[in-house]
Amino acid sequence: SKTLRLILGDQLNSNHSWFKTVDDSITYVMMEVRSETDYANHHIQKVVGIFAAMQNFKNYLLSKNHKVIYIHLNNNDNLQSFEKNIQNLISKHIFTHFEYQFPDEYRVDLDLKKLCESISIPSSVVDSEHFFTTRNELGDFFEGKKIYLMESFYRAMRKKHNVMMEGEKPLTGQWNYDGENRKKLPKNHKPTAPLVFNNDVANIYEEITKNDVKTIGTIDAKNFVWPINREQSLQLLDFFAEKCLQLFGSYQDAMTPNEWSLYHSRISFSMNVKMISPREVVERCIDEWKKRPNEIEFNQLEGFVRQIIGWREYMRGIYWNKMPEFASMNFFNNQEKLPDWFWTGKTKMNCMKDAINQSLNYAYAHHIQRLMITGNFALLAGIQPDEIDAWYLGIYIDAFEWVEITNTRGMSQFADGGIVGTKPYVSSASYIDKMSHYCGSCFYKKSLKIGEKACPFNSLYWNFYDRNEDKLGKNPRIGMMYNVWRKMKPEDKTALLQQAEYYLKNMNEL
Ligand code: FAD
Ligand code: DLZ
Ligand code: SF4
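(A) Examining the site of ligand 2 more closely. Surrounding ligand 2, one finds 18 residues, the nearest of these being Gly-9, Asp-10, Met-31, Glu-36 and Glu-105. Within the backbone of Val-33, one N or O atom sits 2.9 Å away from an oxygen atom of ligand 2. For ligand 2, whose unbound accessible area comes to 490 Å², protein coverage reaches 100%. In a pocket analysis with a 2 Å cut-off to the grid points, ligand 2 is assigned to the largest cavity. Sorting the residues of the shell around ligand 2 by element identifies α1 (34-37) and α2 (44-63) as the ones contributing at least two each. With 3 residues, the single largest contributor to the shell around ligand 2 is α2. For the shell around ligand 2, a count of residues per class yields 10 nonpolar, 3 polar and 5 charged.

As structure tokens, then:
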């Protein structure tokens, strides 16, 4: 018998049980294909990063004596989709069995199921052995519930996997430290410089450009900064544990111009393509905390672990529970086009300029930039969620639909009407100023609501609440805002709404 096993570009898990034995009758296949390079307008660093990591994984498998077929983007016999290439291989090599791992994306899941029905040989599918939870675990956990509270899921995860527990109680007795975390960066504080790699990926870059793959963003292909193999991923994790973890919680929501990573781990790409597992990431950080309990406060560690065994697994569960309906949800019925400057960074808004330019230069923005700068603006401006998804799915190196769409439509845009979040994440300039150093050097004035220099976030904020009163007015968590709005003088309200109208009509000029 001869078995063909498919490995997708985000399944680079060297600890998978597939690879525990070397078997001559098994051939692995990996492929660079246009169906994947073209389903979004990806950042060039994302395509290069995935191809580089795939090629390194192929070399690793070969070094362990596994048989691998690797189809490059410009191979003559590349039929440019998973299904076509697999059908072709089956007919040419007389395989008797086809196997794959559960993909993380709904589209690919359907395609592969269909493929298996159409081929003449038996097939089977196995777990990707990466996540703490199975696809349906969150759905089962919240069965019958209307609200899917992340906090209760997170606590159940801590208990089930015995992470930072003392019997049935959380270590230290407290589950949540959000109150102690989330400070602004002190004015003269110089954040730890990020560890970057100097990978030479010029060959891969050239192949992608030669094939006219449409991409966005910039790259220094001789000094590619992202980890592209397991060793580098582990190095980045060590760096985070040793240098950043101790301030992670404190500054997780802080923003400052020209500092692109602060105390964030930048481990999402490595994890999402499975070069390392969430378990390894969490365990490494807990070990570091145990080694240096006087230097790393527990709240810093808890804030980080919550993101991984809480938010990351939660979003995956939401995805499999709510797809495919989730992808077309548009609670506010937003219909605006994304302003052109989202693709160029050419705006006078300092916060947006910094977040967008950084995203174009590094294929990365940290969480609060995605949520409270670009996401906040998009929601206030009433942008159609498909446009927003296309942007987020393309621009970030860690963007894969299961974790992109749940964050974008769910957490950030409230397009799901409140499955992921209990209220929309919107703010005026005051929150942005509270958490960042952007406003001081901005063309716009954070304290102005009306006039040429008025910060757009201010009037758009009230316009958002005003136009969505029928949908949000009864939400108890927002009631206070509506009280303030109702008590405002009618002429002030009108002026605010007119200012917002003006900005909405001239969005490309902002
Ligand atoms: P850190 O701040 O160091 O956090 C550590 C890890 O926790 C991350 O690597 C990530 O795996 C996990 N994590 C943190 N927050 C979340 C979250 N909300 N959901 C899921 N996992 C989380 N994350 C992606 O991996 N891919 C995406 O495409 C993506 N799109 C997003 C879009 C929007 C609008 C928003 C608001 C958030 C998005 N996130 C996405 C979540 C989060 O912003 C990124 O995981 C994080 O910025 C990655 O950088 P980091 O590794 O330095 O994270
Ligand atoms: C994102 C991406 C890109 C750009 N290219 C490829 C590719 O050529 N080959 C591949 O196997 N995977 C690629 N990926 C990642 C896939 O889109 C990802 O595996 C699916 O989204 C399934 O989760
Ligand atoms: Fe952003 Fe407004 Fe502050 Fe400028 S003034 S940085 S646009 S919040």
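(B) Representation of the environment of Arg-5 in the model. Tracing the backbone shows Arg-5 in strand β1 (residues 3-6). On a C-alpha basis, the gap between Arg-5 and Pro-257 in space is 46 Å, while along the polypeptide they are 252 residues apart. Discounting residues that sit within four places of it in the chain, Arg-5 has contacts with Trp-18, Ile-26, Thr-27, Tyr-28, Val-29 and Glu-99. Within the local environment of Arg-5, its side chain forms a polar contact with the side chain of Tyr-28, the two groups lying 2.9 Å apart.

(C) View of the site of ligand 1. Taken together, 29 residues lie around ligand 1, and His-264, Ser-265, Arg-266, Tyr-364 and Asn-407 are the ones closest in. Residue Arg-266 places a main-chain N or O atom 2.7 Å away from an oxygen atom belonging to ligand 1. Asn-272 has a polar side-chain atom sitting 2.9 Å from an oxygen atom of ligand 1. Across the complex, the protein chains shield 99% of the 820 Å² of accessible surface that ligand 1 would expose by itself.

(D) Structural view of helix α20 (residues 490-505). Here α20 contains 16 residues, and its C-alpha end-to-end distance of 22 Å stays within 8% of the 22 Å for a straight helix at 1.5 Å per residue. For α20, the elements touching its buried residues are α17 (456-467) and α19 (479-487).

(E) Region of the structure containing helix α13 (residues 367-380). Along its 14 residues, α13 runs 18 Å from first to last C-alpha, staying within 8% of the 20 Å computed at 1.5 Å per residue. Approximately 30 degrees is the largest bend angle found in α13, and it occurs at Thr-374. Judged by how many residues are buried, α13 sits mostly within the fold: 13 of 14 residues are covered. Positive phi shows up at Gly-382, right after α13, with a value of about 70 degrees.

(F) Empty space enclosed by the protein, seen in detail. If you walk through the whole model with that rule in mind, you get 2 cavities of 30 Å³ or more. Taken together, 23 residues line the largest cavity, and the ones lying closest to its centre are Gly-9, Glu-36, Tyr-39, Ile-50 and Phe-400. Of all the elements in the fold, those that place two or more residues in the lining of the largest cavity are α1, α2 and α15 (401-412). Top contributing element to the lining of the largest cavity by residue count: α2, with 5 residues. Tallied by class, residues from the lining of the largest cavity come to 13 nonpolar, 3 polar and 7 charged. Both domains that furnish three or more residues to the lining of the largest cavity are identified here as domain 1 (3-126) and domain 3 (340-509). Forming the boundary of the second largest cavity are 14 residues, of which Cys-351, Cys-439, Cys-442, Cys-455 and Phe-457 lie nearest the centre. At the level of elements, α12 (350-362), α16 (429-435) and α17 are the ones that each hand at least two residues to the lining of the second largest cavity. Residues belonging to the lining of the second largest cavity are distributed by class as follows: 11 nonpolar, 1 polar and 2 charged.

(G) Local environment of the pattern of salt bridges. A complete count under the given rule lists 29 salt bridges for this structure. One salt bridge in this structure joins Glu-280 and Arg-230, with 2.5 Å as the shortest N-O distance. Of this pair, Glu-280 sits in helix α10 (residues 278-291) while Arg-230 sits in helix α8 (residues 230-248); the two residues are 50 residues apart in sequence, bridging distant segments of the chain. Exposure remark for Arg-230: the relative accessible area of 22% places this residue in the partly exposed category. Through salt bridges that share partners, Asp-238, Glu-242, Arg-284, Glu-288, Lys-291, Arg-292 and Glu-295 make up one connected network.

(H) Up close: unusual backbone geometry. With an omega of 5 degrees, the peptide bond between Met-323 and Pro-324 qualifies as cis. Within the element layout of this structure, Pro-324 appears in the loop between α11 (298-322) and α12. One non-glycine residue, Arg-266, lies in the positive phi region at around 55 degrees. Along the polypeptide, Arg-266 turns up in the loop between α8 and α9 (268-272). A positive phi angle, close to 70 degrees, is found at Lys-274, a residue other than glycine. In this fold, Lys-274 is placed in the loop between α9 and α10. On the accessibility criterion, Lys-274 (2% relative accessible area) is buried.

(I) Molecular detail of the domain arrangement of the protein chain. Each domain of the protein chain was delimited in the assignment, giving domain 1 (3-126), domain 2 (137-322) and domain 3 (340-509). The distance between the C-alpha centroids of domain 1 and domain 3 comes to 39 Å. In this complex, domain 1 contributes 11 residues to the contact, which on the side of domain 3 involves 15 residues. Counting the surface lost from both domain 1 and domain 3, the interface buries some 1000 Å², and carbon and sulfur atoms represent 58% of this. Three residues stand out in domain 1 for area buried against domain 3, namely His-43, Gln-45 and Lys-46, and they jointly supply 47% of the buried area on that side. Here domain 1 is connected to domain 3 by 0 salt bridges. The interface formed by domain 1 and domain 3 holds 6 residue pairs in polar contact (both at pLDDT 80 or more) in total. When its residues are assigned to classes, the side of domain 1 that touches domain 3 shows 3 nonpolar, 4 polar and 4 charged.

Parameters and conventions
Residues numbered from 1 in each chain as written. Chains lettered and ligands numbered in written order. Predicted model: local features only at pLDDT ≥ 70, side-chain atom pairs only at ≥ 80, totals over all residues. Heavy atoms only, no water. Near = heavy atom within 4 Å. Polar contact = N/O pair within 3.5 Å; in protein donor to acceptor, adjacent residues only side chain to side chain. Areas by Shrake-Rupley, 256 points an atom, 1.4 Å probe, with all protein chains shown as cover. 1 Å grid on protein atoms, 1.4 Å probe; cavity = no way out; pocket = protein on both sides within 12 Å on 5 of 7 lines; lining within 4 Å. Sits in = over half its atoms within 2 Å of the grid points. Helix = DSSP H or I, 4+ residues; strand = E, 2+ residues; numbered from the N terminus. Nonpolar A, V, L, I, M, F, W, Y, C, P; charged D, E, K, R; others polar. Contact = heavy atoms within 4.5 Å. Expected span 1.5 Å × (residues − 1). Bend = angle between axes of the 7 residues up to and from the residue. Buried < 20%, exposed > 50% of the residue type's maximum accessible area, 1.4 Å probe, protein only. Points joined across faces, edges and corners; volume = space filled by probe spheres on them. Domains from an automatic or database assignment. Salt bridge = Lys/Arg side-chain N within 4 Å of Asp/Glu carboxyl O. Buried area = accessible area lost by both parts, 1.4 Å probe.

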